[in-house]
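Residues per chain are reported as follows:
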Amino acid sequence: MSLPTSATPTVVFLDRATIPTQIELPELAVEHKRIDYDFTSPEQVVERLQGVQIAITNKVILDRECLRQLPELKLIAVSATGFNNIDIDYCADHGVAVTNVQGYATQSVPEHVIAMIFALKRNLFAYHNDIAAGEWQRNKQFCFFTHPIGDVAGSTLAIIGSGALGQATATLAKAVGMKVLFAERKGAPSCRDGFVPFEEGLQQADVISLHCPLNEQTLNLIGERELAMMKSSSLLINTGRGGLVDEAALVNALKQGIIAGAGVDVFTQEPADSSNPLLANMSLPNLLLTPHVAWGSDSSIQNLANILMDNITAFIKGEKQNCIV
Ligand SMILES: NC(=O)c1ccc[n+]([C@@H]2O[C@H](COP(=O)([O-])OP(=O)(O)OC[C@H]3O[C@@H](n4cnc5c(N)ncnc54)[C@H](O)[C@@H]3O)[C@@H](O)[C@H]2O)c1
Ligand SMILES: O=C(O)[C@H](O)CO
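Residues numbered from 1 in each chain as written. Chains lettered and ligands numbered in written order. Predicted model: local features only at pLDDT ≥ 70, side-chain atom pairs only at ≥ 80, totals over all residues. Heavy atoms only, no water.

1. Topic: the overall build of the protein
The number of helices and strands found in the protein is eleven helices and twelve strands. Over its C-alpha trace the protein gives a radius of gyration of 22 Å, about what one expects of a compact globule, namely 20 Å for 325 residues. For the protein, the spread of C-alpha atoms along the three principal axes comes to 75 × 50 × 35 Å. A sequence separation of at least 24 residues applies to 63% of the contacts in the protein between residues at least 6 apart. Approximately 15,700 Å² of the protein is accessible, and the part contributed by carbon and sulfur atoms is 52%. Put simply, the protein has 23 plus and 34 minus side-chain charges, and the middle of one group is 4 Å from the middle of the other. (Helix = DSSP H or I, 4+ residues; strand = E, 2+ residues; numbered from the N terminus. Rg over C-alpha atoms; globule rule 2.2 N^0.38 Å. Contact = heavy atoms within 4.5 Å. Areas by Shrake-Rupley, 256 points an atom, 1.4 Å probe, with all protein chains shown as cover. Lys, Arg positive; Asp, Glu negative; His and termini not counted. Charge placed at Lys NZ, Arg CZ, Asp CG, Glu CD.)

Below, the structure is given as structure tokens:
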């Protein structure tokens, strides 16, 4: 998994526009040729990576079918933590290195999670919408209470995924007075020290926050069965990946009062459209949606850009940094 020493590598960024313009993407500290595309459709991937040694992708999918047609590709530098858009097994079997960017958003994602928890617990958007619909204006009192308002302090947060973002979310949650549990992996035969069994986490939590990767084991981790185990007063926050949650089952749970609310930043298809059950029901007062921006504070994206380009420089120099395979 290395480059021929004499060659000047070509580096192609397939979705450059995922890095906002105010963020500086550092130059590589080694000789190279770089081509940036703001956006690449699935049909354009193979053509754009023909003869290319290094591909940068945030969310463009590099699956087996397209990788098979790219024998010169030596490195996929994922400009994200999640790498579920890459066929890792193919890369491992065919000598294609894959790097990702770890721990760059330990401020941004937890702040987004806690913001969603406060907004939902206090029903901020439901009240905002009531005013927009003229409810307050029709009322005689200085205030009115059409939605429950809960305290965040004292409530229990169950975190699924105890890596960089799970841990950082735990730290912030404790700072606002929440009790924190880490749930063991679903189906695990035993429970590690410091974890509670998966089902117990679901049952005890006032809020569940997902911070595990999307893979074969975690697809539809939260479905009808799991939602039914949660308290009817509880919230689900998903900033992990859309596929972790059965979206139709979640909408049903919100409509039937099986759980009290959900904050969702990630979707099975992105961008999602009105065929997505969550978008089709986004007027529900207890559903808060954001367009995959939990990672997106300027400082976090700058961290990401720096680490991304460092990973590539290291690879070209023959060093290993943040290698998944
Ligand atoms: N919404 C966003 O903007 C955003 C930003 C960054 C990351 N993410 C997502 O968050 C995920 C986690 O990021 P991170 O930096 O904490 O990654 P990480 O690799 O540091 O941590 C992932 C954790 O999940 C655990 N895990 C793996 N499989 C599991 C399973 N089946 N059940 C429970 N836990 C499991 C791992 O052991 C690890 O502790 C990423 O994979 C990505 O999908 C989203
Ligand atoms: O995985 C990540 O880092 C986020 O989804 C942003 O791409």
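Further notes follow.
2. As for helix α5 (residues 124–132)
All buried positions along α5 are accounted for by A126, Y127 and D130. Seen along its axis, α5 keeps its buried residues to an arc of 100 degrees; they face one direction. Along α5, exposed side chains directed more than 90 degrees from the buried face belong to H128 and A132. (Buried < 20%, exposed > 50% of the residue type's maximum accessible area, 1.4 Å probe, protein only. Arc of directions from axis to C-beta.)

3. Points about the site of ligand 1
Every one of the 23 residues lining ligand 1 counts as a neighbour, but A164, L165, R185, T239 and W295 are closest to it. A distance of 3.3 Å separates an oxygen atom of ligand 1 from a polar atom in the backbone of G240. Taking D265, its side chain carries an N or O atom lying 3.0 Å from a nitrogen atom of ligand 1. Considered on its own, ligand 1 offers 860 Å² of accessible surface; in the complex 84% of this is hidden by protein. The residue inventory of the shell around ligand 1, partitioned by class, reads ten nonpolar, ten polar and three charged. (Near = heavy atom within 4 Å. Polar contact = N/O pair within 3.5 Å; in protein donor to acceptor, adjacent residues only side chain to side chain. Nonpolar A, V, L, I, M, F, W, Y, C, P; charged D, E, K, R; others polar.)

4. So, the site of ligand 2
Lining the immediate environment of ligand 2, one finds N58, K59, A80, T81, G82, Y104, R241, H292 and W295. Between ligand 2 and the protein, one listed contact pairs an oxygen atom with a side-chain N or O atom of N58 at 2.9 Å. In the model, an oxygen atom of ligand 2 is placed 2.8 Å from a nitrogen or oxygen of the T81 main chain. If ligand 2 stood free it would expose 230 Å²; the protein chains cover 93% of that surface. Counted by class, the shell around ligand 2 contains three nonpolar, four polar and two charged residues.

5. A short note on helix α6 (residues 164–175)
Here α6 is twelve residues long and its end C-alpha atoms lie 17 Å apart, about the 16 Å a rise of 1.5 Å per residue gives. For α6, the full list of buried residues reads G166, A168, T169, A170 and A173. Residues of α6 that are buried in the fold lie against α4 (108–121), β6 (156–160) and β7 (179–183). Trailing α6 by a residue or two, G177 shows a phi angle of about 90 degrees, which is positive. (Expected span 1.5 Å × (residues − 1).)

6. Topic: the environment of K121
Following the sequence through the fold, K121 ends up in helix α4. Expressed as a C-alpha distance, the spacing of K121 and E184, which sit 63 residues apart in the sequence, is 25 Å. If we ignore the near neighbours within four places in the chain, the residues touching K121 are P148, I149, G150, D151, V152, S155, D206, V207 and L235.

7. Notes on unusual backbone geometry
Of note, the amide linkage connecting E270 to P271 takes the cis form, showing an omega dihedral of -5 degrees. Here P271 is to be found in the loop between β11 (261–264) and α10 (277–280). Of note, N123 is a non-glycine position whose phi angle comes to about 55 degrees, a positive value. Its location among the elements puts N123 in the loop between α4 and α5. Residue classification places N123 among the buried residues on the basis of a relative accessible area of 12%.

8. Some details on the pattern of salt bridges
Applying the stated criterion across every chain yields a total of nine salt bridges. Here R192 ties to E184 by a salt bridge, and the two come within 2.8 Å at their closest N and O atoms. Note on R192: relative accessible area 40%, which makes it partly exposed. Relative accessible area serves as the criterion here: at 5%, E184 is assigned to the buried category. Here R225 makes a salt bridge to E199, at a shortest N to O gap of 2.9 Å. Placement of the pair is R225 in helix α8 (residues 224–229) and E199 in helix α7 (residues 198–204), with a sequence separation of 26 residues. Classification of R225 as partly exposed rests on a relative accessible area of 44%. Through salt bridges that share partners, K186, E199, R225 and E226 make up one connected network. (Salt bridge = Lys/Arg side-chain N within 4 Å of Asp/Glu carboxyl O.)

9. Focus on the sheet that holds strand β12 (residues 287–289)
The parallel open sheet is built from seven strands, whose spatial order is β8-β7-β6-β9-β10-β11-β12. Each end of this open sheet is capped by a strand with a single partner; those strands are β8 (195–196) and β12. Relative to β7, β6 runs parallel, the two sharing five bridges. Bridge pairing in β7 links A158 to L181. Across the sheet, α4 is in contact with β6, β9 (207–210), β10 (235–238), β11 and β12; its angle to β10 comes to roughly 150 degrees. On the sheet, α6 packs against β6 and β7 and is oriented at approximately 160 degrees with respect to β7. (Pairing = 2+ DSSP bridges. Axes fitted to C-alpha atoms, helices over the stretch in contact; angles between N-to-C directions.)

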